Amino acid sequence: MSHVTPESLTEAACKVLDTIQKRTTPLTPKERLSIPAQEMPTQDPAVRRRNVKEVALGYTPEQAQLESLRCLQCKNAPCIQGCPVRIDIPGFLKAAAEGDFLGACGIIKKNSLLPSVCGRVCPQEVQCQENCTVGKALKSVDKAVSIGRVERYVADLERESGKTQPPVIKPETGKKVAVIGTGPASITVAADVRREGHKVVMFEAFHKPGGVLVYGIPEFRLPKSIVQAEIDALTRMGVELHTNFVIGRTRKLMALLDEDGFDAVFIGTGAGLPKFMNMEGENLVGVFSANEYLTRANLMKAYDFGKADTPIYRTGKVAVLGGGNVAMDAARTAVRLGAEEVHIIYRRTEVEMPARVEEIAHAKEEGVIFHLLENAKRLIGDENGCVKAMECLRYELGEPDASGRRRPVEIKGSEFIRDVGTVIIAIGNDSNPLIPRTTDGLKTTKWGNIIVDDNGKTSLDRIFAGGDIVLGAATVILAMGEGRRAATSINALLEV
Amino acid sequence: MEGRTVNTILLRKQLSDDVYLMRINAPHIARERLPGQFIIVQLDNEYGERIPLTIADADPVEGSVTIIFQAVGKTTHNLAEKQVGDTIQSVLGPLGQPTHIEKFGTVVCVGGGIGVAPLHPIVKGMKAAGNRIIVIVGARTRSLVILEEEMRALADEFIVCTDDGSYGRKALVTEPLKEVCGRVPKPNLAVAIGPPIMMKFCAESTRPFGVPTMVSLNTIMIDGTGMCGGCRVTVGGQTKFVCVDGPEFDGHKVDFDNMMQRLKAYRKLEDHAHNQCHLDAEIREKERSRS
């Protein structure tokens, strides 16, 4: 894949936009379909392999406007059906197509609190863009209107312009709500509840707020400054934030309601207990959960050699087990830390990979080597207990399983050895047991996810939950949707 | 909620060459903590590392927790340089499952080096629950014996030994431990906290006598809440997280060799940082003497 420079992308966009703007008649649908889909300008793969700066550079104004002009303004708006928070997508694209970018951002913000974040990390290709008529007409979801990229552009523009309108906050009600966790679900709840005039106090176990947005998703995909801007917006609204405060330990959940005067609690603690494979050698030195590897690299800034105290393994051959976004994030982080070779090992094929197509493509561009239909069977250590190799097995695809994906079946006798110095296990997370274990009567599924009703309420009065602690590992936008639902319930509860 | 925890250092005492005691203002932790639990400390929220430290004591009325630590790495060295009135940026806790305390009968409590610090609240708790307490304290040499008075006051029987014989018996803690286990009736429980190698051999010493043995593990951690799995150990063939499943485990089931290897995972990188830290200190020292 050859890299197109941002300059040439802009130049091409300017030419087309110029022609369109000289017209006096409106564009016909056919003409809209013929506007070239705007590619996202990116850092050159050869350069970005050696830095942690954001890979996708964002549209230029011309690209954003041109891409918005591709929208057919379908009356039935199938895109909205694909959006978990039902953003008025044709509405904001129309404003953007007219060059009213701040107006476009205002339309998005009616439904989504974190457009800068969602524009970057939402899997649009399986949500809004999957339903897009343009993509259908051009017979490829890749040709759909790049809704997420325009969203990112207008949200970034608004943030950088300093013209962000602080939300109106109703008069103080004297009611108090505790929000546990500071990830996307919690951020949404905090904002929605605070707007109604209730006092909001957030509790974060780490020393920095943002949850998975800061410990998990790497800087090159979501800059920390963007997350911090969202947190700053909350504190400006009067939301109180306690870091280094782990509910269940520093304070029991029930004590918040019974002794500290909170009227309601939202639990948004995420999916925080890494799964391992229960294979031989998994506890050897040099074997990490993706959570650990990414937390070291992101939150603890281990990429900043010499400055950061938190160490990380950075050289040699790295194998990442798994095929989701977290696996791609770990692999691409390993590349940036200077690994000689980075291998993704996945037991199905690329089609079944849960990672976003864009992330897979970026990983490949950066030199990550993919091994499909293959999985680790056991890890082999040296005399010091450090991992030195892994025994792998080859797989083939069998019948579809419960997830609808074809089940990987191991090929008997296909064992072979692969040399590795670091192994990162990225096969997902179970839910964190801390709060359920320390809160009597809080019902969970057998996987430890907190059970909630249609209003986001748990088995206990005045306690709500949402995001990955309810869903299992999901996406930022779904967590926000859950947060919005719980916030509505909390506000209704406090109204009486 | 009465405001933020300030994490100010209220008291600092150097107990030996490289062992320090600090009392920190941390009212939330002081109120909630139970024997067996620990805290995580970070000195610089931007570039600092997070390290687990055991709690030696707590005063819920004053709102303070006491930590005793050995300056062995960059962060503990920097922590040791802090003075009364200084604050620590991040203190998180109390973490881990509290010790299971009940009336067992006779409990033999073995502490090695600074392992005596986390042992102290457990001994306190076990004593309060009505157990007969035998304390065995071991150290390399006399100056490294800590909390002797406190432990003597709680123990029904107190044995101290040093590797070099400079104080008490010249022996490793496993020697008196075996003797105690050989008594009739044998102790109902052994608790051993100290360097991994000591805990390993304590567990081996009690095994033939069938005395249940609890050990408290201190592994490499980042979050301390179950999120990273860096602290994982093999216990009875299963993977356990020290931060949420522990820190206390059945000493007869812990794979100590694997744990010790995992503790050394960053030794090379840390040695580098540690040397750098010593160099920096030397430079500072020279600059000070010059000015």
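Residues numbered from 1 in each chain as written. Chains lettered and ligands numbered in written order. Predicted model: local features only at pLDDT ≥ 70, side-chain atom pairs only at ≥ 80, totals over all residues. Heavy atoms only, no water.

Structural notes on the overall build of chain B
The condition is simple: Working definition: helices are DSSP H or I runs of at least four residues, strands are E runs of at least two. Numbering for both runs from the N terminus. Each radius of gyration reported is based on C-alpha atoms, and the globular scaling rule is 2.2 Å times the count of residues to the power 0.38. Accessible area is worked out with a 1.4 Å probe on protein chains only. A residue is then buried under 20% of its type maximum, exposed over 50%, and partly exposed in between. Surface accessibility follows the Shrake-Rupley procedure with a 1.4 Å probe radius. Residue values consider only the protein chains on display as shielding. When charges are tallied, Lys and Arg are placed among the positive residues and Asp and Glu among the negative ones, while His and the ends of the chain are skipped. We put the charge of a Lys on NZ, of an Arg on CZ, of an Asp on CG and of a Glu on CD.
Check the secondary structure of chain B and you find nine helices and 15 strands. Whereas a compact globule of 291 residues would reach a radius of gyration of roughly 19 Å, chain B reaches 19 Å, a difference of no more than 12%. Principal axes of the C-alpha set define a box for chain B whose edges measure 65 × 45 × 40 Å. Within chain B, buried positions represent 55% of all 291 residues. A total accessible area of about 12300 Å² is found for chain B, and carbon and sulfur atoms account for 51% of it. On chain B, the mean spot of the 34 positive side-chain charges and the mean spot of the 35 negative ones are 3 Å from each other.

Remarks on the interface of chain A and chain B
You'll often see interface size given as the accessible area lost when the parts meet. Formally: When checking whether two residues touch, look at their non-hydrogen atoms; a contact exists if any pair is within 4.5 Å. A 1.4 Å probe defines the accessible area here, and the buried area is the portion of it lost by two parts on being joined, summed over both. Each reported salt bridge corresponds to a side-chain nitrogen of Lys or Arg within 4 Å of a carboxyl oxygen of Asp or Glu.
If you look at the interface, chain A gives 51 residues, while chain B gives 49 residues. Regarding the contact of chain A and chain B, the summed buried area is about 4200 Å², with carbon and sulfur atoms giving 51% of it. The largest share of the area that chain A buries against chain B comes from Arg249(A), Asn283(A) and Asp309(A), three residues that together contribute 18% of it. Of the charged contacts, one joins Lys301(A) and Glu46(B) as a salt bridge, the two residues approaching to 2.3 Å between their closest N and O atoms.

Comments concerning the environment of Val123(B)
Residue and element names in this part refer to chain B. Relative to the helices and strands, Val 123 resides in helix α3 (residues 116-128). Under the relative-accessibility criterion, Val 123 is labelled buried at 0%. Once the C-alpha coordinates of Val 123 and Cys 109 are considered, the two residues, 14 residues apart in sequence, prove to be 7.1 Å apart.

Section: the sheet that holds strand β3 (residues 38-42) of chain B
Residue and element names in this part refer to chain B. What counts here: Two strands qualify as a pair provided DSSP detects at least 2 bridges between them. A fitted line through C-alpha atoms represents every axis, and for helices the fit uses only the stretch in contact; the resulting angles, taken between N-to-C directions, go from 0 to 180 degrees.
Across the sheet, six strands lie side by side as β1-β2-β5-β4-β3-β6; this open sheet has antiparallel pairing. If you trace the sheet from one side to the other, it starts and ends with β1 (9-14) and β6 (90-95), each paired once. Pairwise comparison of adjacent strand axes, ignoring direction, gives a mean angle of 30° for this sheet. Looking at chain direction, β3 and strand β4 (residues 51-59) are connected through four bridges and run antiparallel. The partner of Val 41 across the bridge, within β4, is Ile 51. Where α3 meets the sheet, its contacts fall on β4 and β5 (64-70), and the angle it forms with β4 comes to roughly 40°.

Looking at the sheet that holds strand β1 (residues 176-180) of chain A
Residues and elements named next belong to chain A. Taken in spatial order, the five strands make up an open sheet running β3-β2-β1-β4-β16, and their pairing is parallel. This sheet does not close on itself; its edge strands, each paired only once, are β3 (240-242) and β16 (463-465). Strand-to-strand twist in this sheet, taken as the mean axis angle between neighbours without regard to direction, amounts to 20°. Here β1 runs beside strand β2 (residues 199-203); their pairing, made up of five bridges, is parallel. Pairing of Val 177 across the sheet is with Val 200, part of β2. Its contacts with the sheet put helix α11 (residues 184-195) on β1, β2 and β4 (264-267), and the angle it makes with β2 is roughly 165°.

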